[in-house]
Amino acid sequence: LCLFSAPLPALFLPVSFVGVFRCFLEPAPPTANMPTVEPPSSGGTIRERFEAQANLPYAAACHSVFDALVFDFENYGGIGEYRLQDNGIDVNATGSISLDSNMHTFDGALELSTVLSQSTEVRHCFAKHWLRYALDRNEFTTLDDPSIEKAQTDFINASGDIKALILSLVESRSFRYRVPAIG
């Protein structure tokens, strides 16, 4: 949600990547009176503009979650070209993220992808999102817990093999049987 309030094409690149973090924290939706991000100026970078906005009370909940995951894509411009500078200033694509009870630092999207690929927490989240997609719904019931846990375990045991995850999902009770709707 927060990323779509910015009129900056470069920020759309990581939106699907950021989606996996929905498992960890769902910030409150932005208020209706959310001001727009300052337009580019001759003295600042995208990161500097968003870091300034992150300190504002109405933006803190969203930016505290997503900024580190967006800034690691700073080396990529609005059309995906690799760049070393933004508005004449060297790009800062560093960040940190807390996963599996550890703080991990990274410099750029490739380093972050390595951190994410080695995280049990992310694999659990990834499996849960695949089941959410397969069931075509956003929320789960307690009846889905065994299916979620089995998909997560199968995915971890298969060293992150997506084919094993998909097989586990289509074999799950939640996928094979639908609970009748009330009424």
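This structure is a prediction, so every number in the text was calculated from the model and none was measured. (Residues numbered from 1 in each chain as written. Predicted model: local features only at pLDDT ≥ 70, side-chain atom pairs only at ≥ 80, totals over all residues. Heavy atoms only, no water.)

> Give me the overall build of the chain: which residues, what numbers.
Within the chain one finds eight helices and four strands. Counting from the amino terminus, helix and strand elements in the chain follow one another as α-α-α-β-β-β-β-α-α-α-α-α. Taking all 183 residues of the chain together, 37% fall into the buried category. Intrachain contacts of the chain at a sequence separation of at least 6 include 53% that bridge at least 24 residues. (Helix = DSSP H or I, 4+ residues; strand = E, 2+ residues; numbered from the N terminus. Buried < 20%, exposed > 50% of the residue type's maximum accessible area, 1.4 Å probe, protein only. Contact = heavy atoms within 4.5 Å.)

> Account for the nonpolar core, naming residues and giving values.
Within the largest apolar cluster, nine residues are counted, these being A127, L131, L135, F140, I148, A151, F155, L165 and L169. Put simply, the parts of the chain that give this core at least two residues each are α5 (120-135), α6 (145-157) and α7 (162-171). Grouped together as the second largest cluster of nonpolar side chains are eight residues, I97, L99, L112 and L116 included. (Core = buried A, V, L, I, M, F, W, Y, C linked by side-chain atoms within 4.5 Å.)

> Just give me the short version of the pairing of strand β3 (residues 94-99), but keep the residues and values in it.
Judged by which residues are buried, β3 turns out to be one-sided: G95, I97 and L99 face inward and are buried, whereas T94, S96 and S98, on the alternate face, are not. As judged from the six bridges shared by β3 and strand β4 (residues 102-107), these two strands associate in the antiparallel manner. Bridge pairing in β4 links T94 to D107. (Pairing = 2+ DSSP bridges.)

> Which residues make up the packing of α5 against α6, and what values do they have?
Two quantities define a packed helix pair, namely the angle between the helix axes and the distance between the axes. Close contact between α5 and α6 brings their axes to 9 Å; oriented N to C, the two are set at 125°. Here α5 is positioned oblique relative to α6, judged by the angle of their axes. Judged by the twist between their axes, the crossing of α5 over α6 is right-handed. Along its contact with α5, which presents T120, R123, H124, F126, A127, K128 and L131, the element α6 presents S147, I148, A151, Q152, F155 and I156. (Axes fitted to C-alpha atoms, helices over the stretch in contact; angles between N-to-C directions. Parallel < 35°, antiparallel > 145°, perpendicular 65-115°, else oblique. Left-handed = near helix turned anticlockwise from the far one by under 90°.)

> Quick one: what's the story with the pattern of salt bridges, residue by residue and with numbers?
For the structure shown, the criterion picks out four salt bridges. Taking the shortest distance from any N to any O, the salt bridge between E74 and R83 comes out at 3.9 Å. In terms of burial, E74 and R83 fall into one category: buried. Among the charged side chains, a network of salt bridges with common partners joins E74, R83 and D86. (Salt bridge = Lys/Arg side-chain N within 4 Å of Asp/Glu carboxyl O.)

> Which residues make up the side chain of S147, and what are the values?
Among the secondary structure elements, S147 is positioned in helix α6. A distance of 3.0 Å separates a polar atom in the side chain of S147 from a polar atom in the side chain of S174. If we skip the residues at most four places from it in the chain, S147 touches L131, S172, R173 and S174. (Polar contact = N/O pair within 3.5 Å; in protein donor to acceptor, adjacent residues only side chain to side chain.)

> Just give me the short version of the side chain of D144, but keep the residues and values in it.
Here D144 lies in the loop between α5 and α6. Its relative accessible area of 4% is what places D144 among the buried residues. Those residues within four positions of D144 in sequence are excluded, and the remaining contacts are L135, R137 and S174.

> Please set out helix α2 (residues 46-54) residue by residue, giving values where relevant.
All of the buried residues in α2 are I46, R47, R49, F50, Q53 and A54. The buried side chains of α2 occupy one side of the element, clustering within an arc of 165° when seen end-on. Summarising the contacts, the buried residues of α2 are in contact with α3 (60-71), β1 (85-86) and β3. (Arc of directions from axis to C-beta.)

> Please give an account of helix α4 (residues 109-117) that cites residues and values.
Taken together, the buried positions of α4 are occupied by A109, L112, V115 and L116. Buried residues of α4 fall within an arc of 120° about the axis and therefore sit on the same side.

> Any chance you could break down the packing of aromatic side chains for me, citing the residues and the numbers?
Inspection of the entire model under this criterion finds four aromatic pairs. Aromatic side chains F73 and Y76 sit 6.4 Å apart centroid to centroid with 55° between the ring planes, which places their arrangement in the tilted category. Under the relative-accessibility criterion, F73 is labelled buried at 13%. A residue is classified by how much of its surface remains accessible, and Y76, at 23% relative accessible area, is partly exposed. With a centroid separation of 6.0 Å and an interplanar angle of 50°, the aromatic rings of F126 and W130 are classed as tilted. Note that F126 and W130 are positioned in helix α5 at a spacing of four residues, about one turn of the helix. Taken together, the ring pairs in this structure connect F73, Y76 and Y82 into an aromatic cluster. Across from the ring centre of Y177, 4.7 Å away, lies the NZ or CZ of R173, which sits over that ring. (Phe/Tyr/Trp six-rings, centres within 6.5 Å; stacked < 30°, edge-to-face > 60°. Lys NZ or Arg CZ within 6 Å of the ring centre and 35° of its normal.)

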